[in-house]
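Listed below, chain by chain, are the residues.
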Amino acid sequence: MTYDGTDSGKVALITGASRGIGYGVAEALVARGDRVCITGRNEEALKEAVERLGADRVVGVAGKAHDEAHQAVAVERTMEAFGRVDFLVNNAGTNPVFGPLADLDLGVARKVYETNVISALGFAQRTWHAWQKEHGGAIVNIASIAGLSPSPFIGAYGMSKAAMINLTVQLAHEMAPGVRVNAIAPAVVKTKFAQTLYEGREAEAAAAYPLGRLGVPADIGGAAAFLTSDQAEWITGQTLVVDGGIFLNAGVG
């Protein structure tokens, strides 16, 4: 996707967007004419992403999503650069552990929850007070199908995404009518983050999907663009499953 020369007049803040799903969302919003602030932990990767997306329409703020000071700077930088923040896409997340919950280090569990859930709430609070409370807008939380059903060996991640889905409905209720809040629950998307779930066995993994392939970041970018568009103005508190049909197999076998 490339910028088509139009200007929507709208501005988005997207967390964890130097690569992967977040970058795919940024591409989709820039292509339709939005201006965007992206965040990420790696400053060099963030700079490269800004250049690829278009430095005339995109700014980057490096930092860790769970850091409250970083959250404040990201929202302030967005307001300074563009004067508004209509859309927030909470994409930043972590999954540093693979194994059963019975053996999970509780410190790791807290880290996952802090990054995947509390940071999303923190960004939502700050965008609300900076712009959305008075002017309206939309929030999209990137959850996961792991938050909707058991996912072996990534239980901590699934727990956090289930909490994120509940955070979505709570915020949707509290922030209505001015701000719509929805979530997207992807299945496996081909990113570095999810690489261990399909590396070396992509054809086998894709065979389980009725649509015959794994997801790509543009799939989620398109969904986020829809949920932040006027076409979705009567949708809030919902979780849009974008999964290539894998949920259709939940009761089979």
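Up top you'll find the structure we're talking about.
Residues numbered from 1 in each chain as written. Predicted model: local features only at pLDDT ≥ 70, side-chain atom pairs only at ≥ 80, totals over all residues. Heavy atoms only, no water.

Participant: I'd like a description of the overall build of the chain, backed by residues and values.
Facilitator: Counting its regular elements, the chain contains seven helices and seven strands. Helices (α) and strands (β) of the chain occur, in sequence order from the N terminus, as β-α-β-α-β-α-β-α-β-α-β-α-α-β. A compact globule built from 253 residues should have a C-alpha radius of gyration of about 18 Å, and the chain, at 17 Å, falls within 12% of that. If you line up the chain on its principal axes, its C-alpha atoms span 50 × 40 × 40 Å. Among the 253 residues that make up the chain, the fraction classed as buried is 49%. (Helix = DSSP H or I, 4+ residues; strand = E, 2+ residues; numbered from the N terminus. Rg over C-alpha atoms; globule rule 2.2 N^0.38 Å. Buried < 20%, exposed > 50% of the residue type's maximum accessible area, 1.4 Å probe, protein only.)

Participant: So, empty space enclosed by the protein: which residues are in play, and what are the values?
Facilitator: To find leftover empty space, a probe the size of one water molecule is rolled over the atoms. Applying the stated criterion to the full structure yields one cavity of 30 Å³ or more. In this structure, the largest cavity spans a volume of roughly 30 Å³. The wall of the largest cavity is formed by Val-97, Phe-98, Gly-99, Leu-101, Leu-104, Phe-153, Ile-154, Gly-155 and Ala-156. (1 Å grid on protein atoms, 1.4 Å probe; cavity = no way out; pocket = protein on both sides within 12 Å on 5 of 7 lines; lining within 4 Å. Points joined across faces, edges and corners; volume = space filled by probe spheres on them.)

Participant: An account of the packing of helix H1 (residues 20–31) against helix H7 (residues 217–227) is requested, with residue identities and associated values reported.
Facilitator: Running from N to C, H1 and H7 cross one another at 50°; their axes reach a closest spacing of 7 Å. Classified by the interaxial angle, the pair formed by H1 and H7 is oblique. Classified by chirality, the crossing of H7 by H1 is right-handed. On H7, the residues touching Gly-20, Ile-21, Gly-24, Val-25, Ala-28 and Leu-29 of H1 are Pro-217, Ile-220, Gly-221, Gly-222, Ala-224 and Ala-225. (Axes fitted to C-alpha atoms, helices over the stretch in contact; angles between N-to-C directions. Parallel < 35°, antiparallel > 145°, perpendicular 65-115°, else oblique. Left-handed = near helix turned anticlockwise from the far one by under 90°. Contact = heavy atoms within 4.5 Å.)

Participant: Quick one: what's the story with the sheet that holds strand E3 (residues 58–62), residue by residue and with numbers?
Facilitator: Pairing is parallel across the open sheet formed by seven strands, whose spatial order is E3-E2-E1-E4-E5-E6-E7. Unpaired on one side and paired on the other, E3 and strand E7 (239–242) mark the two borders of the sheet. Strand-to-strand twist of the sheet, defined as the mean angle between neighbouring strand axes without regard to direction, takes the value 15°. Pairing of strand E1 (residues 11–14) with strand E4 (residues 87–90), which is carried by three bridges, proceeds in the parallel orientation. (Pairing = 2+ DSSP bridges.)

Participant: Summarise the nonpolar core; cite the residues concerned and give the values.
Facilitator: In this structure, Ile-14, Val-36, Ile-38 and Ile-184 are the most contacted members of the largest nonpolar core, which totals 29 residues. Of the residues forming this core, the biggest block, seven residues, is contributed by H1. Non-local contacts of Ile-14, meaning those with residues more than four positions away in its chain, are made with Gly-22, Val-25, Ala-26, Leu-29, Val-36, Cys-37, Ile-38, Thr-39 and Val-89. Judged by nonpolar contacts, the second largest core, of 25 residues, contains Val-59, Phe-82, Val-85 and Leu-171. (Core = buried A, V, L, I, M, F, W, Y, C linked by side-chain atoms within 4.5 Å.)

Participant: Can you break down helix H2 (residues 43–53) residue by residue, with the values?
Facilitator: Every buried residue of H2 is listed here: Leu-46, Ala-49, Val-50 and Leu-53. Buried residues in H2, looked at end-on, bunch into an arc of 100°, giving them a common side. Looking at where H2 begins, the residue whose side-chain oxygen comes 3.0 Å from the main-chain nitrogen of Glu-44 is Asn-42. Taken from the residues just after H2, Gly-54 is the one with a positive phi, measuring 120°. (Arc of directions from axis to C-beta. Polar contact = N/O pair within 3.5 Å; in protein donor to acceptor, adjacent residues only side chain to side chain.)

Participant: So what's going on with a positive patch on the surface? Which residues, and what values?
Facilitator: Taken together, the side chains of Arg-19, Arg-41, Lys-64, Lys-111 and Lys-192 make up a positively charged region of the molecular surface. Tracing the backbone through its elements, the reader meets Lys-111 in helix H4 (residues 106–135). A residue is classified by how much of its surface remains accessible, and Lys-111, at 48% relative accessible area, is partly exposed. (Patch = residues over 30% accessible without salt bridge, like charges linked within 9 Å, V, L, I, M, F, W, Y side chains within 5 Å. Areas by Shrake-Rupley, 256 points an atom, 1.4 Å probe, with all protein chains shown as cover. Salt bridge = Lys/Arg side-chain N within 4 Å of Asp/Glu carboxyl O. Lys, Arg positive; Asp, Glu negative; His and termini not counted. Charge placed at Lys NZ, Arg CZ, Asp CG, Glu CD.)

Participant: Quick one: what's the story with the layout of surface pockets, residue by residue and with numbers?
Facilitator: Quantified by volume, the second largest pocket comes out at close to 170 Å³. As for the second largest pocket, its lining consists of 14 residues, of which Arg-213, Gly-215, Asp-219, Asp-243 and Gly-244 are closest to the centre.

Participant: Go over the pairing of strand E2 (residues 35–40), please, and point to the residues and values.
Facilitator: Where burial is concerned, most of E2 is hidden: five out of the six residues are buried. Judged from the four bridges that link them, E1 and E2 form a sheet pairing that is parallel. Paired with Leu-13 across the bridge in E2 is Cys-37. In terms of handedness, the path from E1 via H1 over to E2 forms a crossover that is right-handed. Two elements, E2 and E3, share five bridges in a ladder whose sense is parallel. Following the sheet pairing, Cys-37 is matched in E3 by Val-59. (Right-handed = clockwise from strand over helix to strand, strands pointing away.)

Participant: Can you break down the side chain of Asp-86 residue by residue, with the values?
Facilitator: Its location among the elements puts Asp-86 in the loop between helix H3 (68–82) and E4. Every residue in contact with Asp-86, bar those within four places of it in the chain, is listed here: Gly-9, Lys-10, Val-11, Trp-131, Gln-132, Gly-136, Gly-137 and Ala-138.

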